[in-house]
Amino acid sequence: MKIKNAAGFVIFTCIYSIIMQIYWFYERTFGEGKEYWEDKSIQSILPLLMILGPISLIILGFSVLNKSNNPAENEELIMSDSLNVGLKILCFLIPIVGLILYIVEKEKNPGKANSAGKCALWGFAISILITLISIIYIYTIYKNSMSHY
């Protein structure tokens with residue numbers, strides 16, 4: 001019962017987060033701060049991209065709420081011990097979802113848990129690599145631009 005209460009709380013907070021992100025996107029696009037954000041199109045789109053995390057947590061919360069406590073139905077779910085492609089992509093793109101799936105499924109479905117954990121680790125490692133490459137790229141651009149002065 002505590003897990004279902006936590007799932008409901010996660011769903012509620014994620015819906016609030018999505019509403020706030022949409023509000024700030026509206027303010028940046030059409031509100032008083034519009035002049036400042038007009039030349040920063042990427043920065044005005046980022047709040048919309050930040051909605052992906054709460055959406056994935058809402059999906060995960062609803063899957064926990066809809067989980068059956070009937071052992072006969074749970075045996076059928078245990079038989080399918082492979083993670084589908086959509087969840088693998090979601091775990092790769094948003095590694096925290098993979099970590100949550102790993103923690104939730106590690107005792108009941110170790111195959112699904114391992115698959116989700118591996119996808120989350122790969123996604124995290126690649127995001128760190130892309131971040132490092134971006135930092136090096138920005139640093140070289142900065143150094144080259146400062147050498148002209």
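Per chain, residue numbering runs from 1 following the sequence as it is written. Selection of residues for local features in this predicted model requires a pLDDT of at least 70, selection of side-chain atom pairs for listing and counting requires 80 or more, and totals for whole chains, interfaces and linings are taken over all residues. For side-chain calculations, the full set of non-hydrogen atoms in the structure is used, while hydrogens and water are omitted.

Chemist: Sorry if this is basic, but what is going on with the overall build of the chain here?
Modeler: Helix and strand assignments follow DSSP, with helices taken as H or I runs no shorter than four residues and strands as E runs no shorter than two, numbered in order from the N terminus. When its secondary structure is counted, the chain shows eight helices and zero strands. When the helices and strands of the chain are placed in sequence order, the string is α-α-α-α-α-α-α-α. Within the chain, buried positions represent 21% of all 149 residues. As displayed, the chain offers around 11,200 Å² of accessible surface, 70% of which is attributable to carbon and sulfur atoms. Whether a residue is buried, partly exposed or exposed follows from its accessible area with a 1.4 Å probe, protein chains only, as a fraction of its type maximum: under 20%, in between, or over 50%, in that order. Note on areas: Shrake-Rupley with a 1.4 Å probe; residue coverage comes only from the protein chains shown.

Chemist: It is not clear to me how the nonpolar core should be interpreted in this structure. Could you clarify?
Modeler: The tendency in soluble globular proteins is for nonpolar side chains to be buried side by side. Throughout, nonpolar core names a set of buried Ala, Val, Leu, Ile, Met, Phe, Trp, Tyr and Cys residues whose side chains join them through atoms within 4.5 Å. If you look at the biggest cluster of nonpolar residues, it comprises eight residues: Leu60, Leu83, Cys91, Ile94, Val97, Leu101, Ala116 and Cys119. Mapped onto this core, the elements with two or more residues apiece are helix 7 (95-105) and helix 8 (110-146). Any two residues whose heavy atoms approach within 4.5 Å are treated as being in contact. Leaving out residues up to four positions away in the same chain, alanine 116 has contacts with Leu83, Cys91, Gly98, Leu101 and Tyr102.

Chemist: Hey, could you run me through helix 7 in this one?
Modeler: What sets the pattern is the α-helix's 3.6 residues per turn: residues three or four places apart point alike. Every buried residue of helix 7 is listed here: Val97, Gly98, Leu101 and Glu105. An end-on view of helix 7 places all buried positions within 100° of arc, on one side of the element. Throughout, the arc means that of the directions going from the helix axis to the C-beta atoms.

Chemist: Looking at this model, I keep getting lost on the side chain of glutamate 105. Mind explaining?
Modeler: Along the polypeptide, glutamate 105 turns up in helix 7. Residue class for glutamate 105 comes out buried when judged on its relative accessible area of 17%. Side chain to side chain, glutamate 105 and asparagine 109 meet in a polar contact 2.7 Å long. Excluding anything up to four places from it in sequence, glutamate 105 contacts Pro110 and Ala113. Nitrogen and oxygen atoms within 3.5 Å of one another constitute a polar contact, given that in protein one can donate a hydrogen and the other can accept it, and given that sequence-neighbouring residues count only through two side-chain atoms.

Chemist: Mind showing me how you'd approach helix 8 here?
Modeler: A helix is expected to span 1.5 Å multiplied by its residue count minus one. Taking 1.5 Å of rise per residue, 37 residues should cover 54 Å, and helix 8 covers 53 Å from first to last C-alpha, within 8% of that figure. Three or more residues of helix 8 are buried, namely Lys112, Ala113, Ser115, Ala116, Gly117, Cys119, Ala120 and Gly123.

Chemist: I'm lost on a nonpolar patch on the surface in this one. Help?
Modeler: A cluster of nonpolar side chains, namely Val85, Ile89, Phe92, Leu93, Trp122, Ile126 and Ile130, defines an oily patch on the protein surface of about 720 Å² accessible area. Looking at the nonpolar patch, the elements with two or more residues in it are helix 6 (85-93) and helix 8. In this structure leucine 93 comes out as exposed when scored by relative accessible area, which is 60%. Grouping into patches uses exposed residues only, defined as over 30% relative accessible area, and leaves out salt-bridged ones; the cut-off is 9 Å for like charges and 5 Å for nonpolar side chains (Val, Leu, Ile, Met, Phe, Trp, Tyr). Whenever a carboxyl oxygen of Asp or Glu lies within 4 Å of a side-chain nitrogen of Lys or Arg, that contact is scored as a salt bridge.

Chemist: Would you explain the environment of cysteine 14 in this entry?
Modeler: Relative to the elements of secondary structure, cysteine 14 occurs in helix 1 (residues 2-30). Contacts of cysteine 14, omitting those with residues within four sequence positions, involve Pro54, Leu57 and Ile58.

Chemist: Before we go on, may I ask you to explain the confidence of the model for the chain in this structure?
Modeler: Interpreting fine coordinate detail is not advised for predicted regions of low pLDDT. For every residue, the predictor assigns a confidence score, pLDDT, that lies between 0 and 100. For the chain, the average pLDDT comes to 76, and 75% of its residues sit at 70 or higher. In the model of the chain, helix 5 (residues 71-79) stands out as the element of lowest mean pLDDT, 52, in contrast to helix 8, which has the highest, 89.

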